[in-house]
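Chain and residue survey
What follows is each chain in one-letter form.
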There are 2 protein chains.
Amino acid sequence: MNYSRQRETVYDVLRSTKDHPSADWIYGECKKIIPNIGLATVYRNLEQLVAQGKAIKVPVGQDKDRFDADVSLHVHGACPVCGKVWDEEVSAPLNDALKAECEKNHSDGYSLTFFRVCGECKAKQEQ
Amino acid sequence: MNYSRQRETVYDVLRSTKDHPSADWIYGECKKIIPNIGLATVYRNLEQLVAQGKAIKVPVGQDKDRFDADVSLHVHGACPVCGKVWDEEVSAPLNDALKAECEKNHSDGYSLTFFRVCGECKAKQEQ
DNA sequence: AGCAAAATCGAGAATTATTCTCATTTTATT
DNA sequence: AATAAAATGAGAATAATTCTCGATTTTGCT
């Protein structure tokens, strides 16, 4: 694998946010830095970052894939209305039980997402 | 919401399996019962069943959406190689911790999937 | 049963996210 | 500087899903 400014930029952009962005948002941000970067390049590099273990795809059942540069095992929250994704802090007992289960069933990892209408969407619904 | 044979068939097919099938597999099965059923009808009815709370979409980060007629909160396993999805039995402490967390953060539900290469794919890899 | 309104359907077109192709450019090596 | 391998940008191709629309089915009413 050779160095490329595009790949570095994709990684920088992904690390710059905790918003679990989609590929096209990352593409937009990269364009601000490398105006003629191609969308396919962004997809290619995201794929490689995931393969290298430097990023993960967050499966939240939305239309678009979401990416995260935080590859540690952690829990997500997601709004089923607007699709927003955030990191969710969970209790120590839950974390311990997850870790234990993972070891017990020899899993490579897990994905845990709690679904909850976010404050913004709840406010809109009540209007 | 009116009755329709197509919707009943989609629901019957979905309930008949524990394989967490994709829309096109369900379409294939429905065709055996109603040969001229349309793919859009299957998608439409799956969407309605989900909206009614009679089915869930299982987010496993695969290309295709997976559906499940078991709407109780339960844990999934998924093979990152072939995409197979199964129900995973977990320890009582984990179940309790999940339920507690859900109540604590007022979530509508959660999705927990453990990733693990399935026996079949592991056997192939070792050849 | 007969009728009108509303719901649903089937077929195929349209949309959307993602992947692929290929000629060109960049990177690493000598 | 010459070369091979890797990466790129642009746009075409693919694949899952959604939309459109005229035809059919279901429901509620008489």
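Scroll up to find the structure this text is about.
Just so it is clear, the model here is predicted, and its values are computed rather than measured.

Quick look at the interface of chain B and chain A now. Chain B puts 28 residues into the contact, and the matching count from chain A is 28 residues. Around 2,100 Å² of area is buried between chain B and chain A when both sides are counted, 58% of it from carbon and sulfur atoms. By the criterion of area lost to chain A, the three top residues of chain B are Glu101, Phe114 and Phe115 of chain B, representing 25% of everything that side buries. Counting the contacts that link chain B with chain A gives zero salt bridges. Counting across the chain B and chain A interface gives 14 residue pairs in polar contact (both at pLDDT 80 or more). Elements represented by at least two residues in the side of chain B that touches chain A include exactly helix 4 (92-104) and strand 5 (109-115) of chain B. Here seven bridges tie strand 5 (residues 109-115) of chain A to strand 5 of chain B, and the two strands are oriented antiparallel to one another. In the sheet register, serine 111 of chain A faces strand 5 of chain B, and the bridge partner there is threonine 113 of chain B.

So, on to the relation of the copies chain B and chain A. It takes a turn of 179° to lay chain B on chain A, together with a shift of 0.1 Å along the axis; the resulting RMSD is 0.1 Å. With respect to symmetry, the two chain copies, as superposed, fit the operation of a two-fold axis. Minimal C-alpha distance to the rotation axis in chain B is attained by leucine 112 of chain B, lying at 2.2 Å.

Near DNA strand D lie 20 residues; those nearest to it are Ser4 and Thr41 of chain A together with Tyr43, Lys64 and Asp65 of chain B. The sugar-phosphate share of atoms of DNA strand D within 4 Å of the protein amounts to 76%. Within the side chain of arginine 44 of chain A, one N or O atom sits 3.0 Å away from a base nitrogen of DNA strand D. Elements supplying a minimum of two residues to the surface near DNA strand D: helix 1 (5-15) and helix 3 (39-51) of chain A together with helix 3 (39-52) of chain B. Residues belonging to the surface near DNA strand D are distributed by class as follows: seven nonpolar, eight polar and five charged.

Taken together, 20 residues lie near DNA strand C, and Tyr43 and Lys64 of chain A together with Ser4, Arg7 and Thr41 of chain B sit nearest. Near the protein, meaning within 4 Å, the atoms of DNA strand C are sugar or phosphate in a fraction of 80%, with bases accounting for the rest. Here aspartate 65 of chain A contributes a backbone N or O atom positioned 2.9 Å from a phosphate oxygen of DNA strand C. The contact in question runs from a phosphate oxygen of DNA strand C to an N or O atom on the side chain of asparagine 45 of chain B, over 3.3 Å. Among the secondary structure elements, those contributing two or more residues to the surface near DNA strand C are helix 3 of chain A together with helix 1 (5-15) and helix 3 of chain B. Of the residues belonging to the surface near DNA strand C, the class tally is seven nonpolar, eight polar and five charged.

Locating arginine 7 of chain B in the fold gives a position in helix 1. No salt bridge is formed by the buried arginine 7 of chain B, whose closest oppositely charged neighbour, glutamate 8 of chain B, lies at an N-O distance of 9.5 Å.

So, about the state of the cysteines. Here is the idea: a disulfide is a covalent bond, and it sits between the sulfur atoms of two cysteines. Taken as a whole, this structure holds zero disulfides over all chains when the rule is applied. Left without a disulfide partner, cysteine 118 of chain A is nearest to the cysteine sulfur of cysteine 121 of chain A, which lies 3.7 Å away. Owing to a relative accessible area of 7%, cysteine 118 of chain A belongs among the buried residues under this scheme. Looking at the unpaired cysteine 82 of chain B, the closest cysteine sulfur is the one in cysteine 121 of chain B, lying at 3.7 Å.

Let us look at the packing of helix 1 of chain B against helix 3 of chain B. A pair of packed helices is captured by two measures, namely the crossing angle of their axes and the spacing between those axes. Residue and element names in this part refer to chain B. Look at helix 1 against helix 3: their axes get within 9 Å of each other, and the N-to-C directions meet at 70°. In terms of axis orientation, helix 1 runs roughly perpendicular to helix 3. Here Gln6, Arg7, Val10, Tyr11 and Leu14 of helix 1 lie close against helix 3, whose contacting residues are Thr41, Val42, Asn45, Leu46, Gln48, Leu49 and Gln52. Its residues placed into classes, the contact of helix 1 with helix 3 shows six nonpolar, five polar and one charged.

A few words on the nonpolar core. Leu112 of chain A together with Leu112 of chain B are the most contacted members of the largest nonpolar core, which totals 18 residues. Broken down by secondary-structure element, the contributors of at least two residues to this core are helix 4 (92-104) and strand 5 of chain A together with helix 4 and strand 5 of chain B. Apart from the residues lying within four places of it in its own chain, the contact partners of leucine 112 of chain A are Val75, His76, Leu94 and Leu98 of chain A together with Leu98, Tyr110, Ser111 and Leu112 of chain B.

What counts and what doesn't
- Residues numbered from 1 in each chain as written.
- Chains lettered and ligands numbered in written order.
- Predicted model: local features only at pLDDT ≥ 70, side-chain atom pairs only at ≥ 80, totals over all residues.
- Heavy atoms only, no water.
- Contact = heavy atoms within 4.5 Å.
- Buried area = accessible area lost by both parts, 1.4 Å probe.
- Salt bridge = Lys/Arg side-chain N within 4 Å of Asp/Glu carboxyl O.
- Polar contact = N/O pair within 3.5 Å; in protein donor to acceptor, adjacent residues only side chain to side chain.
- Helix = DSSP H or I, 4+ residues; strand = E, 2+ residues; numbered from the N terminus.
- Pairing = 2+ DSSP bridges.
- Least-squares fit on C-alpha atoms with pLDDT ≥ 70 in both.
- Near = heavy atom within 4 Å.
- Nonpolar A, V, L, I, M, F, W, Y, C, P; charged D, E, K, R; others polar.
- Buried < 20%, exposed > 50% of the residue type's maximum accessible area, 1.4 Å probe, protein only.
- Lys, Arg positive; Asp, Glu negative; His and termini not counted.
- Disulfide = S-S within 2.5 Å.
- Axes fitted to C-alpha atoms, helices over the stretch in contact; angles between N-to-C directions.
- Parallel < 35°, antiparallel > 145°, perpendicular 65-115°, else oblique.
- Core = buried A, V, L, I, M, F, W, Y, C linked by side-chain atoms within 4.5 Å.

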